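Commentary on secondary and tertiary structure
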Amino acid sequence: MKVYLAADCVISLNRIFSTHFSSKENAVDHLPDGVPPFVLKPIPWQNYVPSKENKLADETALERLFFDTADVLFSQYKCESQKLTDRFGLIISTTKGNIDLLDGDKPIDARCYLSVMAERIATYYGFISKPIVISNACISGISALVVGKRLIQSGQYDEVMVLGGDLMTEFVHEGFAAFHALSSTLCMPFDAARDGLTLGEACGGVILTRYRERISGRNIVLEGGAMTSDASHVTAPSRTGDGLYYAIQATLSDVGIPAEAAADNIDYVNAHGTGTVYNDEMESKAIDWAGLQTCPVNSLKPYLGHTLGASGIVEAILCMEQMHCDRVWRTPGFSSLGVPKAICVSAHEQKTVRGNVNKVLKLASGFGGTNGALILVKEGFASESKSQTVSGKPVETASYRISSEQIPKGTKPDFYQRISDEFHRLNRPNLRFFKMDSLSKLGYVTSEYLLSNVQLAGKYQPQEVGIVLANRSSSLDTDLAHQRIVEQHLPEGASPSVFVYTLPSVTAGEISIRHKIKGECTFFIQSEKDLNFLRSYAELLMTNGILKAVIYGWCELLGEEYDADFHLLELSNDLK
Amino acid sequence: MNTLILEIKQKIIGALNLEDLKPEDIDENAPLFGDNEGGLELDSIDALELIIILDKDYGIKLKDAKEARPIFYSIATLAKYISENRK
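Quick caveat, the model's predicted, so the values are computed rather than measured.

**With respect to the confidence of the model for chain B**
Residues and elements named next belong to chain B. Per-residue confidence for chain B gives a mean pLDDT of 88; residues scoring 70 or more make up 94%. Element-level mean pLDDT values for chain B span from 77 in helix α3 (residues 65–68) up to 94 in helix α4 (residues 75–85). At the level of chain-chain contacts, confidence expressed as ipTM amounts to 0.85, with global pTM at 0.95.

**Observations regarding helix α10 (residues 311–325) of chain A**
End to end, α10(A) covers 21 Å across 15 residues, agreeing with the expected 21 Å (1.5 Å per residue, within 8%). The element α10(A) is extensively covered by neighbouring structure, given that 13 of its 15 residues are classed as buried.

**Points about the interface of chain B and chain A**
If you look at the interface, chain B gives 16 residues, while chain A gives 13 residues. Residue classes in the side of chain B that touches chain A are distributed as six nonpolar, two polar and eight charged.

**Focus on the domain arrangement of chain A**
All names here are of chain A. Annotation of chain A at the domain level lists domain 1 (4–381) and domain 2 (394–574). Distance from the C-alpha centre of domain 1 to the C-alpha centre of domain 2: 26 Å. With 39 residues of domain 1 at the interface, the matching set in domain 2 holds 42 residues. Elements with a contribution of two residues or more to the side of domain 1 that touches domain 2: α3 (114–125), β5 (132–134), α4 (140–153), α5 (170–178), β8 (220–229) and α6 (242–254).

**Quick look at the pairing of strand β12 (residues 359–366) of chain A**
Residue and element names in this part refer to chain A. Counting buried residues in β12 gives eight out of eight residues, a clear majority hidden from the surface. Every second residue of β12 is oriented toward a common face, with Lys359, Leu361, Leu363 and Ser365 on one face and Val360, Lys362, Ala364 and Gly366 on the other, all of them buried. One ladder, built from three bridges, connects strand β9 (residues 268–271) with β12; its direction is parallel. Bridging from a neighbouring strand, Val269 pairs with Leu361 of β12. In this structure, β12 lies alongside strand β13 (residues 370–378), joined through eight bridges in antiparallel fashion. Across the sheet, residue Ala364 finds its bridge partner in β13, namely Gly372. Connecting β12 to the antiparallel partner β13 that follows it, the hairpin turn spans three residues, and Gly368 within it adopts a positive phi of roughly 90 degrees.

**What about the nonpolar core?**
Residues and elements named next belong to chain A. Grouped together as the largest cluster of nonpolar side chains are 199 residues, with contacts concentrated most on Val162, Val269, Leu376 and Val550. Sort the elements by how many residues they give to this core and α10 lands first, with eight residues. Residue contributions to this core reach at least three from each of two domains, namely domain 1 (4–381) and domain 2 (394–574). Excluding its chain neighbours within four sequence positions, the residues that come into contact with Val269 are Ile287, Leu292, Cys295, Val297, Leu361 and Leu363.

Calculation rules
- Residues numbered from 1 in each chain as written.
- Chains lettered and ligands numbered in written order.
- Predicted model: local features only at pLDDT ≥ 70, side-chain atom pairs only at ≥ 80, totals over all residues.
- pLDDT = per-residue confidence, 0-100.
- Helix = DSSP H or I, 4+ residues; strand = E, 2+ residues; numbered from the N terminus.
- Expected span 1.5 Å × (residues − 1).
- Buried ≥ 20, exposed ≤ 12 C-beta atoms within 10 Å, placed from the backbone.
- Contact = placed C-beta atoms within 7 Å.
- Nonpolar A, V, L, I, M, F, W, Y, C, P; charged D, E, K, R; others polar.
- Domains from an automatic or database assignment.
- Pairing = 2+ DSSP bridges.
- Core = buried A, V, L, I, M, F, W, Y, C linked by C-beta atoms within 7 Å.

Here is the structure:
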């Protein structure tokens, strides 16, 4: 079954774009201050005027972007029925959601909870299915597209609206500044003089559908995708590029391209290309390793900035535009190659080796050591998806729970004491533990007990094991700590070791580092603990031959309320 | 110098939450970074925290982690640099 990208829309900084807009001649470049005009030229933006009417009385800035994007998507989608059924899903990808509402001195605004934000959007449009939220650091957008595609192919949905959005906030800006990761100029991906990334803000959305007749624009297929984990460091990308390389390999395999034939099939690679020294170095190694040295590569970050949880979706849409024009856009700011491997970074707008842009490989990497890749293809060039047959069925082989419910309210030990006691009881000293935030400590210790009698390493390849976690409060516990530091406006800036934990998926990253887990790590946000959903997604990964063992579960912490409920699934045939 | 070394050890333990360690557990001559026997196995985020300590507590501004590398080799090299450059 093919999954089509039926509708698309990007909104960023008072500009709007869709490959479906017909009046390209009216397109304008509405430039934010300080951005040189040449930088934005290839994207036929139109002026964006936010809708005048509030859809919700207490609508937030990000929700307004989501609503306006979704309005455009519904207007493009040729679905006769006005009513959404439970076969129409909604997936929202974001790293920080309504983080601009977080105030260090006040109780947490309910809209800061990502699942609350998602449900406000879902309820307005009358979605019957429960919205799915993915917060997977900077690969969130790719994760959301790949998960959406899988849920259509597995039969859970017929169509899925995928929305990704993140704002540029003081919260995020101060964090990246503390990392010394911000560029002094507009970012210069892959260039020898690059010195960091440029932040952006955007909302991007698509409708994925199995119904070809409901497409009004061009027939582009989301052919395949995969996510992996570096299992090496929470912020620094892998030194060798192995995690991203595995993601590329898994994606090629997902669409039936033999590893050695990558360059014969992929016309263009859209890199993550943040413009930081280490990201671009790592990407060049992975692209080279995958045999794609001759393939044109660009980064879209100089056009829009790094739009974080939106970037995977936003950039996939801009890839669709390049496919339509059969042109690979230039990477503004790039002039001389400054990465260890000689890859073909596009300094000028160009045609591809074979003349057309039929098949595109889109990459992303993020904190927690996550990597994602997906392939977009013009319909005529899409392969028929093959169904994997896996011997054995998923069975639960271990479980472990650490929860505040196990201790009467208001009595000792408090979380801090308890998790330290549990850690010491393990008798496996590791200085890293003490550097973690509370959520990661909770996940780390629970995974230690879960796996105390299991030898994953000897039994499986690192890429065959994955993690599927969820919680309610995302990383709000640490977000508050970071927000309070930011609000003090200290001369030395924010704390990098606090900011790194303002993503829930970093907890999965810590677990993957400890146990050398290099398969997919996906972090969902749910309004309440729904282990059935997590288990069914984990089983989907296993029955599709993507993973052989999965740790799935709930990993929630806010103040003194915490609950880690972890389970291990393995295939029955591997249990001997 | 010994007072400064002790002070730096306490600051590092505090800033990096190495709460299981006491100052005397840290060998001031062992490499701070990398996977070394007896070292603290610090990483790039820790380096950024050390840059903040230098700025905040000793008035020393380092541009980036690259410049800091030889200074951050061990507690002893760090103490030497601080004693020569503090404001």
